[in-house]
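Analysis of the macromolecular model
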Amino acid sequence: MSFLKNKWLYIILVIALGSIYLYNWNQNKDNNDNIKYVKVTRENLYELVGVIGKVRPRSEVNLSFENSGRLTNVYVDEGDIVKKNQILAEIDSRDLISNLNDARAYYDSTIAKLNELKRGSRPENIQIKETELENSNEELKNIYKGIQDILFDSYAKANNAVRKETDSLFINDEELNPQLSFSIKNSQLKINIEQKRYLVSNTLNNWQQKIIKINSGSSDSDLDSSLNDADDALKIIKNFFDLCSQIIQDPISLTPEVITLYKTNIANGISSVNLAISNVNIKKQQIISGKLTKQKAENELNLLLAGTPIEQINSQEAIVKQASAKIQSIETSISKTKLYAPFDGIIINAETNVGEIVTPNSIVISLISDSEFELKADISEIEIAKLKIGNIATIYLDALGKNITFEASVIKINTAAKIIDGVTTYETTLQFANKDSRLKSGMTANIEIETANRENVLTLPQRVIYSRDNKYFIKKRNLDSYIEIEVNLGLNGSAGNVEILSGVKENDEVLTNQI
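Here is what the cut-offs are and how they apply
- Residue positions within a chain follow its written sequence, with the count starting from 1.
- Residues qualify for local features only when their pLDDT is at least 70, as the model is predicted, and side-chain atom pairs are given and counted only at 80 or more; totals for whole chains, interfaces and linings, by contrast, use all residues.
- Side-chain figures throughout are based on the complete set of non-hydrogen atoms in the structure, without hydrogens or water.
- Angular values range over 0 to 180 degrees, each being the angle between N-to-C directions of two axes fitted as lines to C-alpha atoms, with helices fitted over their stretch in contact.
- Runs of H or I in DSSP of at least four residues are treated as helices and runs of E of at least two as strands, each being numbered from the N terminus.
- Reported orientations rely on four angle classes, namely roughly parallel under 35 degrees, roughly antiparallel over 145, roughly perpendicular from 65 to 115, and oblique for the rest.
- By convention the crossing between two helices is left-handed if the near helix lies anticlockwise of the far one by an angle smaller than a right angle, and right-handed if it lies clockwise.
- Three categories are distinguished: nonpolar for Ala, Val, Leu, Ile, Met, Phe, Trp, Tyr, Cys and Pro, charged for Asp, Glu, Lys and Arg, and polar for the others, with Gly belonging to the last.
- In this analysis, the expected span of each helix is defined as 1.5 Å times one less than the number of residues it contains.
- Classification of residues uses two cut-offs on accessible area relative to the type maximum, computed with a 1.4 Å probe and protein chains only: under 20% is buried, over 50% is exposed, and between them is partly exposed.
- Residues count as neighbours in contact if any of their non-hydrogen atoms are within 4.5 Å of one another.
- Pairing between two strands is assigned when DSSP locates at least 2 bridges connecting them.

Quick look at the packing of helix α3 (residues 123-145) against helix α7 (residues 256-306)
The geometry of a pair of packed helices is captured by two quantities: the angle between their axes and the separation between those axes. Axis separation between α3 and α7 bottoms out at 9 Å; the angle between their running directions is 160°. Between α3 and α7, the interaxial angle falls into the category roughly antiparallel. Between α3 and α7 the crossing geometry is left-handed. Along the lines of polarity and charge, the residues of the contact of α3 with α7 split into ten nonpolar, six polar and eight charged.

Here it is, written out as structure tokens:
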């Protein structure tokens, strides 16, 4: 009995130990089944910067006139497609066109004058000037021929005025001491008039002697002198009559009838003297005018005979240049009365109405390019360091969906930062690789800019790599266990994989869940 009892004890013990072993084996098997590994593979890696941007026309311009004016024509409406150099609008240019016509006419006259100067004097022009000179000489001779008659007539008028019209005013008129025939209150005036009467007699006598010497053979200079003598004599006589007018205002013991008679005689004398003075002065002016005409004809003839001086030609050429510059200036002003499309595009604003007065630099029409578009995006300072000019980007437009992509490249990175929602950003411009009619200004774009790439490199998912003390490690499978391996990392791909530079080889299995 004791043996049987011990036998069953041994059997129970073996069964218990076996159960414990089986349980532990199953537990280890379950743990091994829960461990996940990933293989080291080769692939192409791409580093991408993702950002939201807007489609913008590559060219956009606001057009305005340089000068103010009344808007006469607007040839486009909002949404119209226009071609480069097409006229879009214009202001009133009628005054400028009139000025241009005047300027062109003046220019033509300056050219004609210059050509005439360069040709020099033509025989027919010289003949004309010679004839003009002969005519002016003849006319001047005729003027001088009339001097003798003027002198005698003037003397006769003056002599009659003095010796007839004032005869009753004086006693002993032609003696050394002529006296007034009546008394006046002003004694000094009486002395003056009596002395002047004696002077007038001598003046008339001397003048008569000079006139007698004048004849048809007298020279022009003698005739000029005789006119001057007549002028001097008449001035003295005129002064005498001025005194006569004064004395008759203050007579003593003259009846009113006599005073009236004396005043009439004095007035008649003054009228005769003034007429004589006028005739002499007219003749003197005729002589001066005749001499000027003759001198002008002589000068013009001499110029023709001498030919055109080079200075005169140079001066006329300068005038021609000024006239030409004036035309160009007006033409430029006229061109500025029209607005032209600077490129092919679409009108986005044309709200000004015909008849309105536009002021300088006020926007009349706005235009964007219709075929060339670009992208504008604000990229944070963290990402901007990765970018460079020429980076290629893939574009998805919200309006067209993710199935349609466009290629673009970075063409400009602004150096000036701007703050958006507290984040420092830099405006970046991308240019589409190809034109596409589906592109519209203002569309929202999802932009993926490729900043770096690696081809056929060893990679692992970022999640299987951990760090410690600024070093990076993975757990590589070693049979049914694993060992910790230090790795060197390269490029971080945008899909979550990382380039492995050293520490593993292709197809190595790496633990994905950390234990």
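Points about helix α8 (residues 310-335)
When the terminal C-alpha atoms of α8 are compared, their 37 Å separation across 26 residues agrees well with the 38 Å that a helix rising 1.5 Å per residue should span. Those residues of α8 that sit buried are I313, Q316, V320, A323, I327, I330 and I334. Packing partners of the buried residues in α8 comprise α2 (94-119) and β11 (338-340).

Quick look at the pairing of strand β22 (residues 481-492)
As paired strands, strand β21 (residues 471-478) and β22 are joined by seven bridges and run antiparallel to one another. By the bridge assignment, I474 is partnered in β22 with I485. Hairpin connection, β21 to β22: the antiparallel pair is bridged by two residues, and L479 has positive phi, about 60°. For β22 and strand β23 (residues 497-502), the ladder comprises three bridges, and the chain directions are antiparallel. Across the sheet, residue N488 finds its bridge partner in β23, namely S502.

Examining the sheet that holds strand β4 (residues 69-74)
Strand order in the open sheet formed by four strands is β11-β6-β4-β13, and the pairing between neighbours is antiparallel. Sheet topology places β11 and β13 (357-358) at the edges, where each strand pairs with a single neighbour. Bridging between β4 and strand β6 (residues 87-91) involves three bridges; their strand directions are antiparallel. Looking at the pairing, L71 lines up with I91 of β6.

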